Amino acid sequence: MDYEHIKKQDKDIYEALEGEERREAEGLELIPSENYVSKAVREANGSVLTNKYSEGYPGKRYYGGQTYTDMVETVAIDRAKKLFNCKYANVQTLGGANANIAMYFALLEPGDTVLGMDLSHGGHLTHGHPVTYLTKIFRFVRYKMKDADTGEIDYDEMLEVAKREKPKIILAGYSAYPRELDYAKFVDIAREVGAYCVMDIAHIAGLIAGKAAKSPFDYGFDVMTSTTHKTLRGPRGGLILTRESDDIGKKIDKTVFPGLQGGPHMNNIAAKAVAFGEALQPSFSKYAKQIIKNAAAMAEVFKNNDIRMLTGGTSNHLILADVFGSLSLGGQEAETLLDRVGITLNKNSIADDTRKPMDPSGIRFGTPAITTRGFGEKESARVAELMVTAMKDKDDEKKLSAIREEIRAMCKKFPIPESFA
Ligand code: DSN
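Residues numbered from 1 in each chain as written. Predicted model: local features only at pLDDT ≥ 70, side-chain atom pairs only at ≥ 80, totals over all residues. Heavy atoms only, no water.

Student: Explain the nonpolar core residue by residue, including any values.
Tutor: Counting 67 residues, the largest nonpolar core has Phe 84, Leu 181, Phe 186, Met 199, Phe 221, Leu 232 and Leu 241 as its most contacted members. Among the elements that line this core, the one with the most residues is helix α11 (residues 266-279), at eight residues. The residues touching Met 199, leaving out its near neighbours within four places in the chain, are Ala 172, Gly 173, Tyr 174, Leu 181, Tyr 183, Ile 204, Pro 216, Phe 221, Val 223, Met 224 and Thr 225. Grouped together as the second largest cluster of nonpolar side chains are 37 residues, Leu 345, Ile 370, Met 387 and Met 391 included. (Core = buried A, V, L, I, M, F, W, Y, C linked by side-chain atoms within 4.5 Å. Buried < 20%, exposed > 50% of the residue type's maximum accessible area, 1.4 Å probe, protein only. Helix = DSSP H or I, 4+ residues; strand = E, 2+ residues; numbered from the N terminus. Contact = heavy atoms within 4.5 Å.)

Student: An account of the sheet that holds strand β15 (residues 346-348) is needed here, citing residue identities and associated values.
Tutor: With antiparallel pairing, the three strands of this open sheet are ordered in space as β13-β16-β15. Every interior strand has two partners, whereas the edge strands, β13 (318-322) and β15, have only one. Ignoring strand direction, the axes of neighbouring strands in this sheet form an average angle of 35 degrees. In the sheet, β15 pairs with strand β16 (residues 362-366) via three bridges, with the strands oriented antiparallel. Bridging from a neighbouring strand, Lys 347 pairs with Ile 363 of β16. (Pairing = 2+ DSSP bridges. Axes fitted to C-alpha atoms, helices over the stretch in contact; angles between N-to-C directions.)

Student: Summarise the site of the ligand; cite the residues concerned and give the values.
Tutor: All residues adjacent to the ligand are Ser 33, His 124, Ser 175, His 203, Lys 230 and Arg 364. A distance of 2.6 Å separates an oxygen atom of the ligand from a polar atom in the side chain of His 203. Judged by the fraction of its atoms near the pocket grid, the ligand is located in the second largest pocket. Taken together, the residues that form the shell around the ligand break down as no nonpolar, four polar and two charged. (Near = heavy atom within 4 Å. Polar contact = N/O pair within 3.5 Å; in protein donor to acceptor, adjacent residues only side chain to side chain. 1 Å grid on protein atoms, 1.4 Å probe; cavity = no way out; pocket = protein on both sides within 12 Å on 5 of 7 lines; lining within 4 Å. Sits in = over half its atoms within 2 Å of the grid points. Nonpolar A, V, L, I, M, F, W, Y, C, P; charged D, E, K, R; others polar.)

Student: Could you give an account of the packing of helix α12 (residues 282-304) against helix α16 (residues 377-392), with specific residues and numbers?
Tutor: Packing of α12 against α16 leaves a shortest axis separation of 8 Å and a crossing angle of 35 degrees. Between α12 and α16 lies a crossing whose hand is right-handed. Along its contact with α12, which presents Gln 290, Lys 293, Asn 294, Ala 297, Met 298, Val 301 and Phe 302, the element α16 presents Glu 377, Ser 380, Ala 381, Val 383, Ala 384, Glu 385, Met 387, Val 388 and Met 391. Counted by class, the contact of α12 with α16 contains 10 nonpolar, three polar and three charged residues. (Left-handed = near helix turned anticlockwise from the far one by under 90°.)

The values are spatial; any link to function lies outside them.
Now the structure itself:
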(Lines give C-alpha, C1' and ligand atoms only; values in the text may rest on other atoms or scores of the structure.)
Protein backbone atom coordinates (compact mmCIF):
# COMPACT_ATOMS: atom_id res chain seq x y z
CA MET A 1 0.00 0.00 0.00
CA ASP A 2 1.13 3.47 -0.72
CA TYR A 3 1.57 5.49 2.49
CA GLU A 4 2.72 8.64 0.70
CA HIS A 5 0.82 11.12 2.87
CA ILE A 6 1.40 9.40 6.20
CA LYS A 7 5.09 9.26 5.37
CA LYS A 8 5.22 13.04 5.01
CA GLN A 9 2.97 13.81 7.94
CA ASP A 10 3.46 11.25 10.69
CA LYS A 11 6.79 9.44 10.99
CA ASP A 12 5.74 7.41 14.04
CA ILE A 13 2.74 5.80 12.40
CA TYR A 14 4.53 5.47 9.07
CA GLU A 15 7.29 3.49 10.75
CA ALA A 16 4.77 1.15 12.37
CA LEU A 17 2.83 0.62 9.13
CA GLU A 18 6.00 -0.10 7.17
CA GLY A 19 7.10 -2.53 9.86
CA GLU A 20 3.78 -4.37 9.79
CA GLU A 21 3.85 -4.55 5.96
CA ARG A 22 7.30 -6.14 6.22
CA ARG A 23 6.29 -8.50 9.03
CA GLU A 24 3.29 -9.75 7.07
CA ALA A 25 5.29 -10.09 3.83
CA GLU A 26 8.26 -11.94 5.31
CA GLY A 27 6.55 -14.26 7.81
CA LEU A 28 3.78 -16.83 7.74
CA GLU A 29 0.48 -16.06 9.40
CA LEU A 30 -0.98 -19.14 11.02
CA ILE A 31 -3.36 -17.51 13.51
CA PRO A 32 -6.58 -19.20 12.34
CA SER A 33 -8.66 -16.07 12.81
CA GLU A 34 -6.49 -13.89 10.56
CA ASN A 35 -6.23 -13.47 6.82
CA TYR A 36 -4.98 -11.10 4.11
CA VAL A 37 -7.60 -8.88 2.46
CA SER A 38 -7.44 -7.67 -1.13
CA LYS A 39 -6.33 -4.18 -2.04
CA ALA A 40 -9.92 -3.49 -3.11
CA VAL A 41 -11.11 -4.23 0.44
CA ARG A 42 -8.39 -1.98 1.85
CA GLU A 43 -9.31 0.83 -0.53
CA ALA A 44 -12.95 0.67 0.53
CA ASN A 45 -11.94 0.57 4.19
CA GLY A 46 -9.70 3.59 3.76
CA SER A 47 -12.22 5.49 1.66
CA VAL A 48 -14.04 8.80 1.94
CA LEU A 49 -16.96 7.03 3.63
CA THR A 50 -15.12 7.32 6.94
CA ASN A 51 -16.30 10.96 6.89
CA LYS A 52 -20.00 10.16 7.02
CA TYR A 53 -22.54 9.78 9.82
CA SER A 54 -25.38 7.40 8.89
CA GLU A 55 -27.33 6.46 12.02
CA GLY A 56 -30.27 4.33 11.01
CA TYR A 57 -30.68 1.96 8.09
CA PRO A 58 -31.00 2.44 4.29
CA GLY A 59 -33.96 4.74 3.56
CA LYS A 60 -34.42 5.57 7.29
CA ARG A 61 -31.51 7.72 8.47
CA TYR A 62 -31.20 10.48 11.04
CA TYR A 63 -28.86 12.60 8.89
CA GLY A 64 -28.98 13.88 5.31
CA GLY A 65 -26.61 13.14 2.47
CA GLN A 66 -27.16 9.39 2.41
CA THR A 67 -27.41 8.69 -1.33
CA TYR A 68 -24.16 6.75 -1.47
CA THR A 69 -24.14 5.29 2.03
CA ASP A 70 -27.59 3.79 1.36
CA MET A 71 -26.23 2.34 -1.86
CA VAL A 72 -23.28 0.80 -0.04
CA GLU A 73 -25.22 -0.69 2.87
CA THR A 74 -27.93 -2.09 0.57
CA VAL A 75 -25.31 -3.82 -1.57
CA ALA A 76 -23.59 -5.22 1.54
CA ILE A 77 -26.89 -6.57 2.92
CA ASP A 78 -27.97 -8.09 -0.40
CA ARG A 79 -24.62 -9.79 -0.92
CA ALA A 80 -24.55 -11.15 2.64
CA LYS A 81 -28.04 -12.63 2.18
CA LYS A 82 -27.01 -14.24 -1.11
CA LEU A 83 -23.79 -15.58 0.36
CA PHE A 84 -25.51 -17.27 3.29
CA ASN A 85 -28.79 -18.04 1.55
CA CYS A 86 -30.96 -16.23 4.09
CA LYS A 87 -33.53 -13.49 4.23
CA TYR A 88 -32.06 -10.94 6.65
CA ALA A 89 -28.64 -9.44 7.38
CA ASN A 90 -27.36 -6.69 9.66
CA VAL A 91 -23.91 -5.51 8.56
CA GLN A 92 -23.40 -2.73 11.12
CA THR A 93 -21.86 -4.50 14.11
CA LEU A 94 -18.24 -3.58 14.64
CA GLY A 95 -16.99 -7.08 15.41
CA GLY A 96 -17.99 -10.62 16.33
CA ALA A 97 -18.25 -9.85 20.06
CA ASN A 98 -20.59 -6.94 19.31
CA ALA A 99 -22.65 -9.17 17.03
CA ASN A 100 -23.08 -11.69 19.85
CA ILE A 101 -23.94 -8.99 22.38
CA ALA A 102 -26.58 -7.55 20.03
CA MET A 103 -27.98 -11.03 19.39
CA TYR A 104 -28.35 -11.69 23.16
CA PHE A 105 -30.07 -8.36 23.79
CA ALA A 106 -32.40 -8.89 20.84
CA LEU A 107 -33.48 -12.40 21.85
CA LEU A 108 -33.31 -12.38 25.66
CA GLU A 109 -34.60 -10.59 28.72
CA PRO A 110 -32.22 -9.97 31.65
CA GLY A 111 -31.87 -13.14 33.69
CA ASP A 112 -32.57 -15.47 30.75
CA THR A 113 -30.35 -18.50 30.23
CA VAL A 114 -28.01 -19.41 27.36
CA LEU A 115 -26.53 -22.87 26.86
CA GLY A 116 -23.14 -22.45 25.12
CA MET A 117 -19.82 -24.21 24.70
CA ASP A 118 -17.24 -23.98 27.49
CA LEU A 119 -14.29 -21.70 26.59
CA SER A 120 -11.58 -24.27 27.30
CA HIS A 121 -13.44 -26.80 25.15
CA GLY A 122 -13.40 -24.45 22.17
CA GLY A 123 -16.12 -21.87 22.90
CA HIS A 124 -15.63 -18.11 23.04
CA LEU A 125 -15.44 -15.49 25.78
CA THR A 126 -18.75 -14.02 24.61
CA HIS A 127 -20.42 -17.40 24.99
CA GLY A 128 -20.61 -16.79 28.71
CA HIS A 129 -17.18 -16.63 30.27
CA PRO A 130 -17.35 -15.08 33.77
CA VAL A 131 -14.84 -12.34 32.82
CA THR A 132 -17.43 -10.77 30.50
CA TYR A 133 -20.08 -8.32 31.70
CA LEU A 134 -22.63 -10.41 29.82
CA THR A 135 -22.69 -12.75 32.79
CA LYS A 136 -23.98 -9.91 35.00
CA ILE A 137 -27.07 -9.72 32.82
CA PHE A 138 -27.72 -13.21 31.46
CA ARG A 139 -27.21 -16.64 32.92
CA PHE A 140 -24.89 -18.99 31.05
CA VAL A 141 -24.69 -22.75 31.40
CA ARG A 142 -22.15 -24.79 29.45
CA TYR A 143 -21.69 -27.94 27.51
CA LYS A 144 -18.33 -29.61 26.92
CA MET A 145 -16.78 -32.30 24.78
CA LYS A 146 -17.40 -35.78 26.11
CA ASP A 147 -13.98 -36.86 24.88
CA ALA A 148 -11.30 -34.26 24.09
CA ASP A 149 -9.44 -36.79 21.96
CA THR A 150 -12.30 -37.27 19.51
CA GLY A 151 -14.14 -33.99 19.97
CA GLU A 152 -17.39 -35.85 20.51
CA ILE A 153 -20.08 -33.82 22.20
CA ASP A 154 -22.55 -35.56 24.46
CA TYR A 155 -25.84 -34.50 22.91
CA ASP A 156 -27.87 -36.65 25.32
CA GLU A 157 -26.35 -34.74 28.20
CA MET A 158 -26.94 -31.46 26.36
CA LEU A 159 -30.62 -32.34 26.10
CA GLU A 160 -30.77 -33.19 29.80
CA VAL A 161 -29.10 -29.89 30.74
CA ALA A 162 -31.40 -28.02 28.36
CA LYS A 163 -34.49 -29.61 29.93
CA ARG A 164 -33.24 -28.80 33.42
CA GLU A 165 -31.90 -25.27 32.86
CA LYS A 166 -34.51 -24.10 30.31
CA PRO A 167 -32.22 -21.92 28.16
CA LYS A 168 -33.79 -19.42 25.79
CA ILE A 169 -30.84 -19.81 23.40
CA ILE A 170 -28.92 -22.94 22.46
CA LEU A 171 -25.65 -21.55 21.17
CA ALA A 172 -23.38 -23.48 18.82
CA GLY A 173 -20.06 -22.19 17.56
CA TYR A 174 -16.48 -21.92 18.64
CA SER A 175 -13.11 -20.28 18.29
CA ALA A 176 -10.94 -23.32 19.02
CA TYR A 177 -12.84 -26.46 18.03
CA PRO A 178 -11.51 -28.27 14.95
CA ARG A 179 -14.57 -30.36 14.08
CA GLU A 180 -18.00 -29.92 12.56
CA LEU A 181 -20.98 -29.99 14.90
CA ASP A 182 -24.10 -32.11 14.53
CA TYR A 183 -26.41 -29.25 13.60
CA ALA A 184 -29.53 -31.40 13.39
CA LYS A 185 -29.07 -32.41 17.04
CA PHE A 186 -28.72 -28.76 18.14
CA VAL A 187 -31.94 -27.86 16.35
CA ASP A 188 -33.80 -30.87 17.80
CA ILE A 189 -32.75 -29.92 21.32
CA ALA A 190 -33.64 -26.26 20.80
CA ARG A 191 -37.07 -27.18 19.45
CA GLU A 192 -37.71 -29.61 22.31
CA VAL A 193 -37.09 -26.96 24.97
CA GLY A 194 -38.51 -24.03 22.97
CA ALA A 195 -35.20 -22.16 22.61
CA TYR A 196 -33.74 -20.18 19.74
CA CYS A 197 -31.01 -22.09 17.92
CA VAL A 198 -28.06 -19.79 17.22
CA MET A 199 -24.64 -20.45 15.73
CA ASP A 200 -21.63 -18.19 16.04
CA ILE A 201 -19.95 -18.89 12.69
CA ALA A 202 -17.17 -16.31 13.18
CA HIS A 203 -14.41 -18.81 12.45
CA ILE A 204 -15.98 -20.80 9.67
CA ALA A 205 -18.03 -18.14 7.85
CA GLY A 206 -15.76 -18.40 4.80
CA LEU A 207 -15.99 -22.18 4.80
CA ILE A 208 -19.79 -21.98 4.84
CA ALA A 209 -19.91 -19.20 2.23
CA GLY A 210 -17.51 -21.19 0.03
CA LYS A 211 -19.62 -24.35 0.47
CA ALA A 212 -16.69 -26.18 2.00
CA ALA A 213 -18.67 -26.67 5.22
CA LYS A 214 -22.33 -27.29 5.96
CA SER A 215 -24.57 -24.33 6.73
CA PRO A 216 -26.47 -24.37 10.04
CA PHE A 217 -29.34 -22.59 8.25
CA ASP A 218 -29.90 -25.73 6.16
CA TYR A 219 -30.68 -27.54 9.42
CA GLY A 220 -33.09 -24.92 10.73
CA PHE A 221 -30.89 -22.65 12.89
CA ASP A 222 -32.68 -19.36 13.55
CA VAL A 223 -29.76 -16.93 13.73
CA MET A 224 -26.06 -16.86 12.83
CA THR A 225 -23.58 -14.29 14.14
CA SER A 226 -20.18 -13.83 12.58
CA THR A 227 -17.06 -11.84 12.03
CA THR A 228 -16.15 -10.81 8.51
CA HIS A 229 -12.36 -10.93 8.77
CA LYS A 230 -11.45 -14.56 9.39
CA THR A 231 -12.02 -17.27 6.77
CA LEU A 232 -14.44 -14.85 5.06
CA ARG A 233 -11.41 -12.65 4.18
CA GLY A 234 -13.05 -9.27 4.64
CA PRO A 235 -12.30 -6.23 6.81
CA ARG A 236 -12.54 -6.51 10.61
CA GLY A 237 -16.20 -6.46 11.52
CA GLY A 238 -19.36 -8.28 12.51
CA LEU A 239 -22.43 -9.67 10.81
CA ILE A 240 -25.79 -10.99 12.03
CA LEU A 241 -28.01 -13.16 9.85
CA THR A 242 -31.41 -14.71 10.33
CA ARG A 243 -32.82 -17.54 8.24
CA GLU A 244 -36.27 -16.00 7.93
CA SER A 245 -37.07 -12.35 7.49
CA ASP A 246 -39.31 -12.11 10.51
CA ASP A 247 -39.59 -10.31 13.82
CA ILE A 248 -36.15 -11.48 14.86
CA GLY A 249 -34.53 -9.38 12.13
CA LYS A 250 -36.45 -6.30 13.19
CA LYS A 251 -35.47 -6.86 16.83
CA ILE A 252 -31.82 -7.24 15.85
CA ASP A 253 -31.82 -4.03 13.80
CA LYS A 254 -33.31 -2.10 16.73
CA THR A 255 -30.85 -3.64 19.15
CA VAL A 256 -27.79 -2.77 17.05
CA PHE A 257 -29.00 0.78 16.47
CA PRO A 258 -30.11 2.63 18.55
CA GLY A 259 -29.80 -0.05 21.25
CA LEU A 260 -26.07 -0.52 21.35
CA GLN A 261 -24.21 1.41 18.66
CA GLY A 262 -24.16 4.89 17.18
CA GLY A 263 -23.19 5.77 13.63
CA PRO A 264 -22.18 2.73 11.59
CA HIS A 265 -18.69 2.71 10.11
CA MET A 266 -19.73 3.09 6.48
CA ASN A 267 -16.17 2.73 5.16
CA ASN A 268 -16.03 -0.65 6.90
CA ILE A 269 -19.45 -1.62 5.53
CA ALA A 270 -18.24 -0.75 2.01
CA ALA A 271 -15.21 -2.99 2.59
CA LYS A 272 -17.52 -5.78 3.81
CA ALA A 273 -19.56 -5.39 0.59
CA VAL A 274 -16.41 -5.69 -1.53
CA ALA A 275 -15.29 -8.80 0.39
CA PHE A 276 -18.76 -10.38 0.09
CA GLY A 277 -18.56 -9.71 -3.67
CA GLU A 278 -15.24 -11.57 -3.75
CA ALA A 279 -16.68 -14.45 -1.73
CA LEU A 280 -19.51 -14.81 -4.24
CA GLN A 281 -17.01 -15.64 -7.00
CA PRO A 282 -16.52 -19.33 -7.88
CA SER A 283 -12.79 -19.02 -7.05
CA PHE A 284 -13.72 -18.43 -3.40
CA SER A 285 -15.22 -21.89 -3.13
CA LYS A 286 -11.96 -23.37 -4.39
CA TYR A 287 -10.11 -21.29 -1.80
CA ALA A 288 -12.39 -22.45 1.04
CA LYS A 289 -11.96 -26.11 0.12
CA GLN A 290 -8.19 -25.69 -0.09
CA ILE A 291 -8.10 -24.21 3.44
CA ILE A 292 -9.47 -27.51 4.76
CA LYS A 293 -7.15 -29.68 2.66
CA ASN A 294 -4.16 -27.67 3.86
CA ALA A 295 -5.16 -28.00 7.51
CA ALA A 296 -5.54 -31.77 7.05
CA ALA A 297 -2.03 -31.92 5.53
CA MET A 298 -0.60 -30.09 8.55
CA ALA A 299 -2.47 -32.34 10.98
CA GLU A 300 -1.05 -35.41 9.28
CA VAL A 301 2.50 -34.20 10.01
CA PHE A 302 1.66 -33.56 13.68
CA LYS A 303 0.07 -37.00 13.92
CA ASN A 304 3.12 -38.69 12.37
CA ASN A 305 5.26 -36.94 14.96
CA ASP A 306 3.07 -38.14 17.83
CA ILE A 307 2.02 -34.66 18.84
CA ARG A 308 -1.36 -34.79 20.50
CA MET A 309 -4.04 -32.77 18.78
CA LEU A 310 -7.27 -32.01 20.57
CA THR A 311 -10.12 -33.93 18.92
CA GLY A 312 -7.47 -36.08 17.21
CA GLY A 313 -6.99 -33.81 14.19
CA THR A 314 -9.12 -31.41 12.20
CA SER A 315 -12.08 -31.22 9.84
CA ASN A 316 -11.94 -27.45 9.39
CA HIS A 317 -9.29 -24.72 9.14
CA LEU A 318 -7.69 -25.02 12.59
CA ILE A 319 -5.60 -27.30 14.73
CA LEU A 320 -5.16 -27.26 18.48
CA ALA A 321 -2.02 -29.10 19.61
CA ASP A 322 -1.08 -30.07 23.16
CA VAL A 323 2.59 -29.07 22.97
CA PHE A 324 3.07 -29.21 26.73
CA GLY A 325 1.77 -32.76 26.97
CA SER A 326 3.67 -33.93 23.88
CA LEU A 327 6.90 -31.93 23.90
CA SER A 328 7.07 -30.46 27.43
CA LEU A 329 6.93 -27.04 25.79
CA GLY A 330 4.58 -24.45 27.26
CA GLY A 331 2.22 -22.68 24.87
CA GLN A 332 3.92 -19.32 25.47
CA GLU A 333 7.38 -20.75 24.83
CA ALA A 334 6.17 -22.39 21.61
CA GLU A 335 4.51 -19.15 20.43
CA THR A 336 7.69 -17.12 21.07
CA LEU A 337 9.97 -19.73 19.52
CA LEU A 338 7.91 -20.04 16.34
CA ASP A 339 7.61 -16.28 16.07
CA ARG A 340 11.42 -16.15 15.95
CA VAL A 341 11.47 -18.39 12.87
CA GLY A 342 8.78 -16.36 11.11
CA ILE A 343 5.67 -18.37 12.02
CA THR A 344 2.94 -16.49 13.86
CA LEU A 345 0.37 -18.47 15.81
CA ASN A 346 -1.18 -18.27 19.26
CA LYS A 347 -0.86 -20.06 22.57
CA ASN A 348 -4.19 -21.58 23.55
CA SER A 349 -5.76 -23.38 26.47
CA ILE A 350 -6.72 -26.97 25.86
CA ALA A 351 -9.76 -28.72 27.34
CA ASP A 352 -9.70 -28.44 31.15
CA ASP A 353 -6.16 -27.06 31.00
CA THR A 354 -4.33 -27.10 34.31
CA ARG A 355 -1.95 -24.35 33.15
CA LYS A 356 -2.77 -20.64 33.16
CA PRO A 357 -4.33 -18.87 30.10
CA MET A 358 -1.18 -16.72 29.64
CA ASP A 359 0.97 -19.86 29.48
CA PRO A 360 -1.34 -22.71 28.59
CA SER A 361 -0.57 -26.20 27.30
CA GLY A 362 -1.54 -25.66 23.70
CA ILE A 363 -0.96 -23.80 20.49
CA ARG A 364 -3.68 -23.00 17.97
CA PHE A 365 -2.91 -22.55 14.31
CA GLY A 366 -4.66 -22.72 10.96
CA THR A 367 -4.52 -22.27 7.23
CA PRO A 368 -6.78 -19.40 6.01
CA ALA A 369 -3.92 -16.92 5.49
CA ILE A 370 -1.33 -19.28 3.98
CA THR A 371 -4.01 -20.60 1.62
CA THR A 372 -4.66 -17.02 0.51
CA ARG A 373 -0.95 -16.85 -0.29
CA GLY A 374 -1.43 -19.82 -2.62
CA PHE A 375 -0.06 -22.62 -0.45
CA GLY A 376 -1.23 -26.13 -1.31
CA GLU A 377 -0.96 -29.31 0.74
CA LYS A 378 2.73 -29.80 -0.06
CA GLU A 379 3.75 -26.38 1.23
CA SER A 380 1.43 -26.64 4.23
CA ALA A 381 2.90 -29.99 5.22
CA ARG A 382 6.39 -28.51 4.89
CA VAL A 383 5.46 -25.66 7.24
CA ALA A 384 4.19 -28.22 9.75
CA GLU A 385 7.48 -30.12 9.47
CA LEU A 386 9.43 -26.93 10.10
CA MET A 387 7.25 -26.17 13.13
CA VAL A 388 7.84 -29.63 14.58
CA THR A 389 11.59 -29.43 13.97
CA ALA A 390 11.79 -25.99 15.56
CA MET A 391 9.89 -27.19 18.65
CA LYS A 392 11.87 -30.42 18.99
CA ASP A 393 15.27 -28.76 18.38
CA LYS A 394 14.50 -25.51 20.14
CA ASP A 395 18.06 -25.03 21.39
CA ASP A 396 19.76 -25.66 18.05
CA GLU A 397 20.39 -22.10 16.86
CA LYS A 398 21.80 -23.27 13.52
CA LYS A 399 18.65 -25.23 12.75
CA LEU A 400 16.42 -22.36 13.82
CA SER A 401 18.15 -19.89 11.52
CA ALA A 402 17.96 -22.35 8.61
CA ILE A 403 14.20 -22.63 9.27
CA ARG A 404 13.89 -18.83 9.36
CA GLU A 405 15.61 -18.64 5.99
CA GLU A 406 13.40 -21.33 4.48
CA ILE A 407 10.27 -19.51 5.69
CA ARG A 408 11.57 -16.27 4.22
CA ALA A 409 12.14 -18.01 0.87
CA MET A 410 8.61 -19.51 0.94
CA CYS A 411 7.16 -16.07 1.60
CA LYS A 412 9.06 -14.69 -1.38
CA LYS A 413 7.82 -17.49 -3.60
CA PHE A 414 4.22 -16.99 -2.43
CA PRO A 415 3.77 -13.24 -1.99
CA ILE A 416 0.55 -11.90 -0.45
CA PRO A 417 -1.82 -11.42 -3.43
CA GLU A 418 -3.24 -7.99 -4.21
CA SER A 419 -6.50 -9.26 -5.68
CA PHE A 420 -8.54 -12.42 -6.02
CA ALA A 421 -10.50 -11.38 -9.12
N1 DSN B 1 -9.89 -13.45 18.73
C2 DSN B 1 -10.67 -14.41 17.99
C3 DSN B 1 -9.90 -15.63 17.65
O4 DSN B 1 -8.71 -15.51 17.48
O5 DSN B 1 -10.46 -16.70 17.54
C6 DSN B 1 -11.89 -14.78 18.69
O7 DSN B 1 -12.47 -13.65 19.23
